[in-house]
Amino acid sequence: MAKPFEPKITAFVCNWCTYAGADLTGTSRIKYQPNIRIIRLPCTGRIDFMLLQKAFARGADGIIVSGCHPNDCHYSSGNYHARRRWMVFNDLMEFMGVDGRRVTFSWVSAAEGTKWAALVNEVTDAVRQLGPYTEYQRLIGAGVA
Amino acid sequence: MSRIGVFVCHCGENIGSTVDCQEVAARCKQMPGVVHSEDYKYMCSDPGQSMIKQAIEEQGLDGVVVAACSPRMHEPTFRRAVSEAGLNPYLCEMANLREHCSWVHEETDSTTDKATDLVHLQVEKVKRNKPLQPIQVPITKTALVIGGGVAGIQAALDIADSDRKVILLERSPSLGGHMAQLSETFPTLDCSQCILTPKMVEAARHPNITLMTYSELEHLEGFIGNFKATIRKRARKIDEKLCTGCGLCLQKCPTRKISDGFNEGLGMRRAIYVPFPQAVPNTPVIDIQNCSHFRKKKCDRCVKACPTDAIRFEQQDEWITVDVGAIVLATGFKIMRSDQFPEYGYGAYPDIIDGLQFERLASASGPTQGVIKRPSDGKEPETIVFLACAGSRDAAKGVKYCSKICCMYTAKHAMLYKHKAPHGKAYVFYMDIRAAGKNYDEFVRRAIEEDGVKYIRGRVSRIYEEDGKLIVKGADTLLGGRPVEIKADMVVLATAVQPNDGQIDLARKIHVGCDEYGFFAEAHPKLRPVETNTAGIYLAGACQSPRDIPETVAQAGGAAAKVVALFSRDRLTREPLVAEVNRRPSPIYSDCVGCFLCETACPYQAIGQETVTDRDGKLYKTMAKINPGLCQGCGTCVATCRTKAIDLHGYSNEQIYAEIMSL
């Protein structure tokens, strides 16, 4: 029997809020699904959306980008840059034909361990429903991505 | 080929119970570049650290991955261990198997698979780590304290007592701040000026403190250890060196009817004045808006009166630039004024006053010499109603927070009134009594039980005047909302504490953050309460949030300790995880094309411009240059850069792409 599909989720998180929030999820022993792999960055402002495309190219079925809430950025404005860039990237994705449901942008603070677990479960379930993201490979083949 | 060592920690049962650590270590051995892999019960223990050191020495490792808890927990521990074995500390990375894996998942194969992936990710990263050297920055060992209230005075004294130079800046003509205005202080009822003025004098006389009153910060540039501050020293129109503070000029000044700010508008001062008799420095100031010499080009009575010829009508503002290494912000607060309350008559009734005005009435050095009198007719009130939470905890007024000090000072006001007029009646309307502090609740109980102050739990909906009395209409919520009406002679509003005027402007000038209300934001609400997110700038007192005197003094001492700790070193060591613009051989010099998007994106003004000229001095190229002393390593510029000319040490593109490729 073939193994049921398990999605591959890649998360890009900032060190100060979401990474610490995910640490808090651990310290609080809140359980979530093990499909996620976290990549730690200093700030969401560091996230170049080429990274997201690379993650899809490597076979990620879903992506989470999460950082500090507006106003709470450790570097005072990095998350605003990320938010602006995100608007542009959203349009670009739509233009390229990338399924917008595959990327989730969220704010999770260092105090929101519960929110992080809920977010991961929500995204994992949603992406499991969507199935494997083989479409992206077709986009690569078509020279779009 | 890399020689990476992987060390998998069981963390007792914490990781070992859900992750098969032996299996992870075995799988890691198969990863390309990994030459050593082992697991151990407690990697952070002494024997665990020795294992790492031993492996580095014996196997000649050039990179280490410790798969254990969160790097936020033990990264410094393992980096130290690695450097003790002679390896650059930045060649050590941690995989977070505990918080991000074992604690959040059940014991299944996929948990062990995830653990392996997490280690693999770090292995791929560490292969691309570069040895980094901590950044060394020189330090100017002079501190700038902005604000001369009790917070600023205390911070300045503590720093100066540690044998460091301090510049104490105050925008009004005298030190003292709000504390100098207070009559007595809770919960001891000792006189505020009696405990403050000796400190003011000490600050002025201290050989390490340079006092700059009537001066404001105009501009700030630089970074921790190396700030350059431009200060505007406003003209007092008095030669400070010649003035002896005799006060003869004050007596001769014919312009007498100017509302006195120090007395909160309850008294009058002259056009040449010292804010209060104990002012430090005791040098007067000429208020050029009101002085007849400046308004009508006549009158020189002060010039004639001055025995030392110290009056200088022609004196101009000066701009002074100073080098400082650290800054303490102690700019204090302001209170909401009674004209912001439509329900209480928009400040139209002179006998509705705010807390600071009551302080001046109760103060022995105040406009009434400490006799409580109505501002309207000078009669002594027989009934006073005190309203706590006027504006505070009221989202409609934009103040959702508790102003913290009002419960206590309202109890103090009621108590002072009862002491001065034992037959008078004092009522307090309150929401909750928040008297958390040493001897605070006892103090409130004393007001109620010994001094007979009537506390009514409820809000006041309206105040209006009728037959010379103020009718206070409210509800008693402890009696099921029964309406209460009190005929009062005077009403005191304990209005909300707010950020001081100009605080947002100052925050922008010096690039520190503010919270949603405009108070300065601390670096961490619990663990770094006296630091800002801008390195080298510290906080003291009510500029951060409402605070009482003991807390303010304690925080000022904390800020001073941070400054002194910073100054205890000759050079500053900083994490080298900063961004850098790449270099290419001539004639390209760098991939940077000089668009300077990064310059606008940088939250720290760390990016400047650099020019490349040819031999004849002709401009060849302008490109970005990052100051590693200022850069905090957020990486916003890296993502912004169009040509990928900027990279961030520790989180380089190469490293992150390698992490992604490992998945």
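Residues numbered from 1 in each chain as written. Chains lettered and ligands numbered in written order. Predicted model: local features only at pLDDT ≥ 70, side-chain atom pairs only at ≥ 80, totals over all residues.

Another point: the overall build of chain B. The helix and strand inventory of chain B stands at 18 helices and 34 strands. Dimensions of chain B, computed from C-alpha atoms along their principal axes, come out at roughly 95 × 75 × 40 Å. Across the 663 residues in chain B, those meeting the buried criterion constitute 49%. In chain B, the share of contacts with a sequence separation of at least 24, taken over all contacts with a separation of at least 6, comes to 69%. (Helix = DSSP H or I, 4+ residues; strand = E, 2+ residues; numbered from the N terminus. Buried ≥ 20, exposed ≤ 12 C-beta atoms within 10 Å, placed from the backbone. Contact = placed C-beta atoms within 7 Å.)

Tallying secondary structure elements over chain A gives 5 helices and 4 strands in all. Counted from the first residue to the last, chain A has its helices and strands arranged as β-α-β-α-β-α-β-α-α. Against the 2.2 N^0.38 benchmark of 15 Å for 145 residues, chain A shows a C-alpha radius of gyration of 15 Å, consistent with a compact globule. With the C-alpha coordinates aligned to their principal axes, the bounding extent of chain A is approximately 40 × 40 × 20 Å. Evaluated residue by residue, chain A yields a buried proportion of 52% over its 145 residues. A sequence separation of at least 24 residues applies to 84% of the contacts in chain A between residues at least 6 apart. (Rg over C-alpha atoms; globule rule 2.2 N^0.38 Å.)

With that settled, the discussion passes to the interface of chain B and chain A. Each side of the interface is counted separately: chain B has 36 residues, and chain A has 34 residues. Element by element, the count of residues in the side of chain B that touches chain A is highest for helix H5 (residues 109-127) of chain B, at 6 residues. Split into classes, the residues belonging to the side of chain B that touches chain A amount to 16 nonpolar, 12 polar and 8 charged. (Nonpolar A, V, L, I, M, F, W, Y, C, P; charged D, E, K, R; others polar.)

Residues and elements named next belong to chain A. Counting buried positions along strand E1 (residues 9-14) gives 6 out of 6 residues, so the element sits mostly inside the fold. Burial along E1 is two-sided: Ile 9, Ala 11 and Val 13 facing one way and Thr 10, Phe 12 and Cys 14 facing the other are all buried. The sheet contact formed by E1 and strand E3 (residues 62-67) spans 5 bridges and is parallel. From the neighbouring strand, Thr 10 faces E3, where its bridge partner is Ile 63. Two strands pair when backbone bridges link them, and E1 and strand E2 (residues 36-41) are joined in this way by 6 bridges, in the parallel orientation. By the bridge assignment, Ala 11 is partnered in E2 with Ile 38. At this point the chain moves from E1, through helix H1 (residues 18-27), to the parallel E2, and the crossover so formed is right-handed. (Pairing = 2+ DSSP bridges. Right-handed = clockwise from strand over helix to strand, strands pointing away.)

A few words now on the sheet that holds strand E3 (residues 63-68) of chain B. All names here are of chain B. With parallel pairing, the 4 strands of this open sheet are ordered in space as E2-E1-E3-E4. Of all the strands in the sheet, the pair left with one neighbour each is strand E2 (34-40) and strand E4 (92-96). Taking the axes of each pair of neighbouring strands and ignoring which way they run, one obtains an average angle of 15° across the sheet. Taken together, the 6 bridges between strand E1 (residues 4-9) and E2 define a ladder with parallel strand orientation. Its bridge partner lying in E2, Gly 5 is registered against His 36. Together, E3 and E4 form the strand contacts of helix H3 (residues 71-84), whose direction differs from that of E4 by roughly 150°. The sheet strands contacting H5 are E1, E2, E3 and E4, and the helix crosses E4 at an angle near 165°. (Axes fitted to C-alpha atoms, helices over the stretch in contact; angles between N-to-C directions.)

With that settled, consider the sheet that holds strand E24 (residues 460-466) of chain B. Residues and elements named next belong to chain B. In spatial order, the strands read E24-E25-E26; together these 3 strands make up an open sheet with antiparallel pairing. Strands with a single pairing partner mark the edges of an open sheet, and in this sheet they are E24 and strand E26 (482-488). Looking at each pair of strands side by side, their axes are set apart by 20° on average, direction ignored. As paired elements, E24 and strand E25 (residues 469-476) share 6 bridges and run antiparallel to each other. Its bridge partner lying in E25, Glu 465 is registered against Leu 470.

This paragraph deals with helix H13 (residues 440-449) of chain B. Residues and elements named next belong to chain B. Turning to H13, its buried residues are Phe 443, Val 444 and Ala 447. Along H13, the residues classed as buried sweep out an arc of 95° about the axis, all on the same side. What points out from H13, more than 90 degrees from its buried face, is the exposed set Glu 442 and Glu 449. (Arc of directions from axis to C-beta.)

Moving on, we come to the environment of B:Lys125. Residue placement: B:Lys125 occurs in helix H5. Taking the C-alpha atoms as reference points, B:Lys125 and B:Arg459, 334 residues apart in sequence, are found 61 Å from one another.

Residues and elements named next belong to chain A. As a packed pair, H1 and helix H4 (residues 113-130) sit with axes 7 Å apart at the nearest point and diverge in direction by 90°. By the criterion of interaxial angle, the relationship of H1 to H4 is roughly perpendicular. In this structure, H1 contributes Thr 18, Gly 21, Ala 22, Leu 24 and Thr 25 to the contact, and H4 contributes Gly 113, Trp 116 and Ala 117. (Parallel < 35°, antiparallel > 145°, perpendicular 65-115°, else oblique.)

If you check the domain split of chain B, you get domain 1 (4-127), domain 2 (142-234 + 317-332 + 500-567), domain 3 (248-305), domain 4 (333-498) and domain 5 (579-662). The gap between the C-alpha centroids of domain 4 of chain B and domain 5 of chain B is 59 Å. (Domains from an automatic or database assignment.)

Residues B:Val145, B:Ala155, B:Ala156, B:Val328, B:Phe386 and B:Val491 are the most contacted members of the largest nonpolar core, which totals 135 residues. A per-element tally of this core places helix H12 (residues 406-420) of chain B first, with 9 residues. Formed by 72 residues, the second largest nonpolar core is a distinct cluster that contains A:Ala22, A:Ala55, A:Val103 and A:Val127. (Core = buried A, V, L, I, M, F, W, Y, C linked by C-beta atoms within 7 Å.)

On to the confidence of the model for chain B. For chain B, the average pLDDT comes to 94, and 100% of its residues sit at 70 or higher. The complex model carries a pTM of 0.75, and its ipTM stands at 0.95. (pLDDT = per-residue confidence, 0-100.)

A few words now on the packing of H12(B) against H13(B). All names here are of chain B. H13 packs onto H12 with a crossing angle of 35° between their chain directions and a minimal axis gap of 9 Å. The two elements H12 and H13 meet at a crossing, and its hand is left-handed. Facing Met 408, Ala 411, Ala 414 and Met 415 of H12, the residues of H13 in contact are Tyr 440, Phe 443, Val 444 and Ala 447. By residue class, the composition of the contact of H12 with H13 is 8 nonpolar, no polar and no charged. (Left-handed = near helix turned anticlockwise from the far one by under 90°.)

Take unusual backbone geometry next. All names here are of chain B. Cis rather than trans, the peptide bond between Phe 186 and Pro 187 has omega equal to -5°. Among the structural elements, Pro 187 can be located in the loop between strand E8 (184-185) and strand E9 (190-191). Residue Ser 586 is joined to Pro 587 through a cis peptide bond whose omega torsion reads 10°. Here Pro 587 is to be found in the loop between strand E31 (579-581) and helix H16 (597-601). The residue Cys 299 is not glycine, and still its phi comes out positive at about 80°. Within the secondary structure layout, Cys 299 lies in the loop between helix H9 (292-296) and helix H10 (301-305). The exposure class assigned to Cys 299 is partly exposed, which follows from the 18 C-beta atoms found within 10 Å. Notably, Asp 467 is not glycine yet its phi reads approximately 50°, a positive angle. Mapped onto the elements of the fold, Asp 467 is located in the loop between E24 and E25.

Residues and elements named next belong to chain A. Relative to the assigned elements, Tyr 136 resides in helix H5 (residues 135-141). You can call Tyr 136 buried: it has 24 C-beta atoms within 10 Å. Placed 79 residues apart in sequence, Tyr 136 and Ala 57 show a C-alpha to C-alpha distance of 7.0 Å. When near neighbours in sequence (up to four residues on either side) are disregarded, Tyr 136 contacts Phe 56, Ala 57 and Ala 145.

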